[in-house]
Amino acid sequence: MASNPPILKASLIDRKRFQNLKNAFALKYGAPPLFYACAPGRVNLIGEHIDYCGYSVLPMAIEQNILAAVSLNNSGTIQLANTDTLYKDFTVSCSEDIIIDRDNPKWYYYFLCGVKGIQEKFGITHLPGMSCLVDGNIPPSSGLSSSSALVCCAGLLTMKTNQKSLSKVALAELCAKSERYIGTEGGGMDQSISFLAEKGTAKLIEFEPLRATDVQLPKGAVFVISNCCVGMNKAASSHFNIRVVECRIATKMLAHARGLNLSRLLKLAQVQTELKASLEDMLSLVDKVLHPEPYSREEICQVLGLTSEQFSKELLSANTQHVENFKLHQRAKHVYGEAARVLRFKSVCDSGPAESIRLLGDLMNQSHASCRDLYECSCPVLDHLVDICLKSGAVGSRLTGAGWGGCAVSMVPSDKVQSFQQAVREAYYLPDSHRAAVEKQSLFVSKPGGGAAIYLEE
Ligand code: GLA
């Protein structure tokens, strides 16, 4: 049964945070909030950069989230403010079209993506005025999905202020789609886990149709997140979309080599489905069909029988028009290999053999190596942190999220957590004054948290 996001008692929110938000809201807008909406960030345990290729991923929600206090107003405007003064206030008229400025990814555009998604879904011509104060505690630009949590929180609260009802699955799909207004062509992992998460369990997220299955993590190990403190804002650079485009081109090249209908196929998973092949078969096919040297535009156009204009229009995104070379072999190898690792991770968790922790750790390490070497979505500082985590007692450690900076997630035997954290602190955080200053919010144990919810005061 499709279920809707729960409506919970506001007394469940951390008391101090709730009181601060409520007071700040009243001070800002002169009246108390009507309700609260909350959407969590996530840590992806395995399955990186494969959701937009159609493959399953294995994240869990973290305890950190975006919490917003909301009320309706008669001003004919949507008023947005943030408890963090780094993020400036913004007001938009309810009678104008919502415009998302892709070239200038400010915090409130993520919020407006969620509003716009609901507006379009229900064909709402005139949104009611609302006042919102946002309070986030997910470290930004760190691969823990703070931006998607903001989109999800905004979508959920806009649904509520417009007295509409949508299931968690429908909201996740809507928010994944509307976040693309920012210009980043992400998959649906972040929004799906933000809505479908349940406390105490990681989830296997599968797409088309979207569904989430519980994955019980082995007892005897915990997941520790560590931020390398190199920020990565995926909307502000083209790295992310270049990978999306490379996977799309690899899809066409593989499909072409096997005589499949090119126009319908956009994702690497679709080629596998069409060929009724295993992931191992797909890995051999990549070796047979694609060469490791980068492909030029000319070569791709020649093979696929496209003009340069068709290539730019049909395969590239707005911010990848300048790209001249495409590494198709490496990217496709990563995607099919990583898709297989996700399935193995899930089956180890399900069958729970004695050596589960070691097996899962190995899969995480292989995943990181593939992200670093084949997908090239890590960076030297993050690789260094992953090495330190492994030397400090983790059985597995890997980048999590989009990469090019941000966080590592490490699997650590429960009885070693203290010594692990101390060793990482000493080797990575304390020697650098900037890192030392943010260590508390940068190195922490994470347990699977719950999904997005509305909160009401009794
Ligand atoms: C970002 C995207 C996700 C996913 C990850 C990489 O978080 O929003 O959809 O592609 O990167 O796994």
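Up top is the structure.
Below or above, wherever it landed, is the structure these notes cover. Keep in mind that what you see is a predicted model, and the values were worked out from it rather than measured.

Bringing the overall build of the chain into the picture now. Secondary structure assignment for the chain yields 16 helices and 15 strands. Computed over the C-alpha atoms, the radius of gyration of the chain is 22 Å, within 12% of the 23 Å expected from 2.2 N^0.38 for a compact globule of 458 residues. Along the first, second and third principal axes, the C-alpha atoms of the chain reach 65 × 55 × 45 Å. Buried residues in the chain amount to 58% of all 458 residues.

The full set close to the ligand counts 13 residues, and Glu-48, His-49, Asp-51, Gly-187 and Asp-190 are the nearest of them. One of the backbone nitrogen or oxygen atoms of His-49 is found 2.7 Å away from an oxygen atom of the ligand. Separating an oxygen atom of the ligand from a side-chain N or O atom of Asp-51 is a distance of 2.5 Å.

As a further point, take the sheet that holds strand 14 (residues 443-446). Ordered in space as 12-13-9-14, the 4 strands form an open sheet in which the pairing is antiparallel. If you trace the sheet from one side to the other, it starts and ends with strand 12 (396-399) and strand 14, each paired once. With direction set aside, neighbouring strand axes in the sheet form an average angle of 25°. With 4 bridges connecting them, strand 9 (residues 221-227) and strand 14 associate as antiparallel partners. Each bridged residue has a counterpart across the sheet, and for Ile-225 the counterpart in strand 14 is Phe-444. Of the strands in this sheet, strand 9, strand 12 and strand 13 (407-413) touch helix 12 (residues 356-373), which is tilted by about 30° from strand 12. Where helix 14 (residues 417-429) meets the sheet, its contacts fall on strand 9, strand 13 and strand 14, and the angle it forms with strand 14 comes to roughly 150°.

With that settled, the discussion passes to the environment of Ser-167. When you line up the elements, Ser-167 lands in the loop between helix 3 (146-161) and helix 4 (168-179). Classification of Ser-167 as buried rests on a relative accessible area of 15%. Taking the C-alpha atoms as reference points, Ser-167 and Leu-196, separated by 29 residues in sequence, lie 9.9 Å from one another. Setting aside anything within four residues of it in sequence, one finds Ser-167 in contact with Ala-2, Ser-3, Asn-4 and Pro-5.

Turning next to the environment of Ile-205. Inspection of the secondary structure assignment puts Ile-205 in strand 7 (residues 202-206). Take Ile-205: its relative accessible area is 0%, and that puts it in the buried class. For Ile-205, the contacting residues outside a window of four places in its chain are Ser-56, Val-57, Pro-59, Ser-192, Ile-193, Leu-210, Arg-211 and Ala-212.

Right, let's talk about unusual backbone geometry for a bit. Residue Glu-208 is joined to Pro-209 through a cis peptide bond whose omega torsion reads 0°. In this fold, Pro-209 is placed in the loop between strand 7 and strand 8 (211-215). The residue His-49 is not glycine, and still its phi comes out positive at about 60°. For His-49, the location among the structural elements is in the loop between strand 2 (35-46) and strand 3 (58-73). One non-glycine residue with positive phi stands out, namely Trp-404, at about 55°. Its place among the elements puts Trp-404 in the loop between strand 12 and strand 13.

Considering all chains together, one arrives at 25 salt bridges under this definition. Where Glu-208 meets Lys-267, a salt bridge forms, and the shortest distance between an N and an O atom there is 2.9 Å. One end of the pair, Glu-208, is in the loop between strand 7 and strand 8; the other, Lys-267, is in the loop between helix 6 (239-257) and helix 7 (268-275), and 59 residues separate them in sequence. A salt bridge links Arg-398 to Glu-338, with the nearest nitrogen and oxygen atoms 3.9 Å apart.

In this section: helix 9 (residues 297-304). Those residues of helix 9 that fall on the buried side of the exposure criterion are Arg-297, Ile-300, Cys-301 and Leu-304. For helix 9, the angular spread of the buried residues around the axis is 100°, confining them to a single face. Along helix 9, exposed side chains directed more than 90 degrees from the buried face belong to Glu-298 and Gln-302. The inward-facing, buried residues of helix 9 abut helix 6, strand 10 (295-296), helix 10 (308-315) and strand 11 (325-326). Of the residues one or two after helix 9, Gly-305 is the one with positive phi, at around 65°.

Where helix 8 (residues 279-289) contacts helix 11 (residues 328-351), the two axes come as close as 9 Å, and the packing angle between them is 170°. What the angle tells us is that helix 8 and helix 11 run roughly antiparallel. Touching Leu-279, Met-282, Leu-283, Val-286 and Asp-287 of helix 8 are His-329, Ala-332, Lys-333, Tyr-336, Gly-337, Ala-339, Ala-340 and Leu-343, all from helix 11. Residues that form the contact of helix 8 with helix 11 fall into these classes: 9 nonpolar, 2 polar and 2 charged.

Attention now goes to the sheet that holds strand 5 (residues 90-93). Taken in spatial order, the 7 strands of this open sheet run 1-15-2-3-6-4-5, and their pairing is mixed. The two strands at the open ends of the sheet, each matched to only one other strand, are strand 1 (7-9) and strand 5. Each neighbouring strand pair of the sheet contributes to a mean axis angle of 25°, computed without reference to strand direction. As defined by bridge partners, strand 1 adjoins strand 15 (residues 453-456) across 3 bridges and the pair is classed as parallel. Paired with Leu-8 across the strands is Tyr-455, a residue of strand 15. The strands touched by helix 2 (residues 107-122) within the sheet are strand 4 (77-82), strand 5 and strand 6 (129-136), with strand 4 carrying the most contacts at an inclination of about 135°.

So, how was this worked out
Per chain, residue numbering runs from 1 following the sequence as it is written. Predicted model: local features are reported for residues with pLDDT of at least 70 only, side-chain atom pairs are reported and counted for 80 or more only, and whole-chain, interface and lining totals are derived from all residues. With hydrogens and water set aside, each side-chain value is computed from the structure's full complement of heavy atoms. Under the scheme used here, helices are H or I runs from DSSP no shorter than 4 residues and strands are E runs no shorter than 2 residues, and both carry numbers assigned from the N terminus. Using C-alpha atoms as the atom set, the radius of gyration is obtained and then compared with a globule rule of 2.2 Å times the number of residues to the power 0.38. Burial here depends on accessible area, computed with a 1.4 Å probe over protein chains only, as a share of the maximum for the residue type. Under 20% is buried, over 50% is exposed, and the range in between is partly exposed. Being near a molecule or strand, for a residue, comes down to having at least one heavy atom within 4 Å of it. Polar contact is defined as a pair of N or O atoms within 3.5 Å, subject to the rule that within protein one atom must be able to donate a hydrogen and the other to accept it, and that residues adjacent in sequence are counted only when both atoms are side-chain atoms. Whether two strands pair depends on DSSP finding at least two bridges between them. An axis is simply a line fitted to the C-alpha atoms; with a helix, the fit covers only the stretch in contact. Between two such axes, the angle follows the N-to-C directions and lies from 0 to 180 degrees. Contacts are assigned to residue pairs that have any heavy atoms within 4.5 Å of one another. In the sections that follow, a salt bridge refers to a side-chain nitrogen of Lys or Arg positioned within 4 Å of a carboxyl oxygen of Asp or Glu. What the arc covers is the set of directions going from the helix axis to the C-beta atoms. Each angle gets one of four labels, with under 35 degrees taken as roughly parallel, over 145 as roughly antiparallel, 65 to 115 as roughly perpendicular, and the rest as oblique. Residues are grouped as follows: Ala, Val, Leu, Ile, Met, Phe, Trp, Tyr, Cys and Pro are nonpolar; Asp, Glu, Lys and Arg are charged; all remaining types, including Gly, are polar.

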